[in-house]
Amino acid sequence: MNDEPGSTGGPAHRSWWDRLGHMFSGEPRNREELVEELRAAQANGLLSNDTLTMVEGALKVTELSVDDVMVPRAQIVMISAESPLDDILAAVVESGHSRFPVHGEDKDEILGILLAKDLLKYFGDGEHFDIRAILRPAVLIPESMRLNVLLAEFRLSRNHMALVVDEYGGVAGLITIEDVLEQIVGEIDDEHDDEEEPTLMHAQPGGDWLVSALTPIADFNEQTGSSYSDEEFDTIGGMVTSEFGHLPEAGEEIVVGDYLFHVTEADDRRVQQFRVSQKPAQD
């Protein structure tokens, strides 16, 4: 007779012990709990905010499909294979893109992908231009493909762009490797993106201002009518920090000239923002 109980060593028994141990271990049991653990780690200073954002983005990519982030058909800059070289060059310069789908008789007949750099050989030699001879193969993918699967394919094939087709075989949109990576790391600007100047000063009700520490002193003077010197410091943050004589923390305040500067945002390296108001009247 076997003294070892046959029912205690099977998979079901081990699974029960695994589940019991899991309950006491405090380890996350699903994605939601994992995200909560990561956010708690960030709140405790174990992860930076940027790292947390990227990890959450990487998890999100596994849930999104191509049609969630693709550029829709109406916004795609396509080039007709019958277009003359001058028209193609104009489209390339105006759009600022580096890759263009090239179509035949209609926009659902994709012949290939044109790389803007491949046009360089035809400068001054338009007579021998043949767009079909320089086209790269087009990658066609379904709308339902998961972004993490597409990213893996982009890495393996070294392609940077894919055309998205619908259930009828028509072009529904376009997606690039940059579109996928932006879901992980956030917006990626390049030299062709319109760069908006950040607003450094925000007027508040009652006459106060919220002022970024990076605001140039000359701009602050122009907005408020003050006359602070910018010979020694370029920014409001540099000037006010010098007046403190130390790196101030949020909540500290100081009067400089005609204004009271109250620190509203600061980290362990620099001041980030002030609330600025007129100096209180002296009795």
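Residues numbered from 1 in each chain as written. Predicted model: local features only at pLDDT ≥ 70, side-chain atom pairs only at ≥ 80, totals over all residues. Heavy atoms only, no water.

Quick look at the sheet that holds strand β11 (residues 259–266)
- Across the sheet, 5 strands lie side by side as β8-β9-β12-β11-β10; this open sheet has antiparallel pairing. The sheet is open, and its two edges are formed by β8 (201–203) and β10 (253–256), each paired on a single side. When strand polarity is set aside, the average angle formed by the axes of neighbouring strands in this sheet is 25°.
- Of the pairings in the sheet, the one linking strand β9 (residues 209–212) to strand β12 (residues 271–278) comprises 4 bridges and is antiparallel in character. Note that in β12 the partner of valine 211 across the bridge is phenylalanine 274.
- This element, helix α8 (residues 217–224), spans β8, β9, β11 and β12 of the sheet and lies at about 15° to β8.
- Those strands touched by helix α9 (residues 236–244) are β9, β10, β11 and β12, and its axis lies near 105° from that of β10. (Pairing = 2+ DSSP bridges. Helix = DSSP H or I, 4+ residues; strand = E, 2+ residues; numbered from the N terminus. Axes fitted to C-alpha atoms, helices over the stretch in contact; angles between N-to-C directions. Contact = heavy atoms within 4.5 Å.)

So, helix α3 (residues 49–61)
- Over its 13 residues, α3 extends 18 Å from the first C-alpha to the last, a length consistent with the 18 Å expected when each residue adds 1.5 Å.
- Within α3 the residues assigned to the buried category are Leu52, Gly57 and Val61.
- Next to the buried residues of α3 lie α2 (31–43), α6 (147–157) and α7 (177–185). (Expected span 1.5 Å × (residues − 1). Buried < 20%, exposed > 50% of the residue type's maximum accessible area, 1.4 Å probe, protein only.)

Observations concerning the packing of aromatic side chains
- Scanning all chains against the criterion turns up 6 aromatic pairs.
- Taking 5.9 Å as the distance between ring centres and 45° as the angle between the ring planes, the aromatic pair formed by phenylalanine 220 and tyrosine 228 counts as tilted. Of the two residues examined, phenylalanine 220 and tyrosine 228, each falls in the buried class.
- Each ring, one from phenylalanine 220 and one from phenylalanine 261, has its centre 5.9 Å from the other, and the planes form 35°; the classification is tilted. Placement of phenylalanine 220 in helix α8 and of phenylalanine 261 in strand β11 is noted, with a sequence separation of 41 residues between them. Comparing phenylalanine 220 with phenylalanine 261 shows no difference in burial state: the two are buried.
- Among the aromatic residues, those joined into a ring-pair cluster are Phe220, Tyr228, Tyr259, Phe261 and Phe274. (Phe/Tyr/Trp six-rings, centres within 6.5 Å; stacked < 30°, edge-to-face > 60°.)

Describing the sheet that holds strand β2 (residues 79–80)
- Across the sheet, 3 strands lie side by side as β2-β3-β4; this open sheet has mixed pairing. The sheet is open, and its two edges are formed by β2 and β4 (110–115), each paired on a single side.
- Judged from the 5 bridges that link them, strand β3 (residues 99–103) and β4 form a sheet pairing that is antiparallel. In the strand pairing of β4, proline 101 is matched with isoleucine 113.

Remember that the coordinates give geometry; whether it matters functionally is a separate question.
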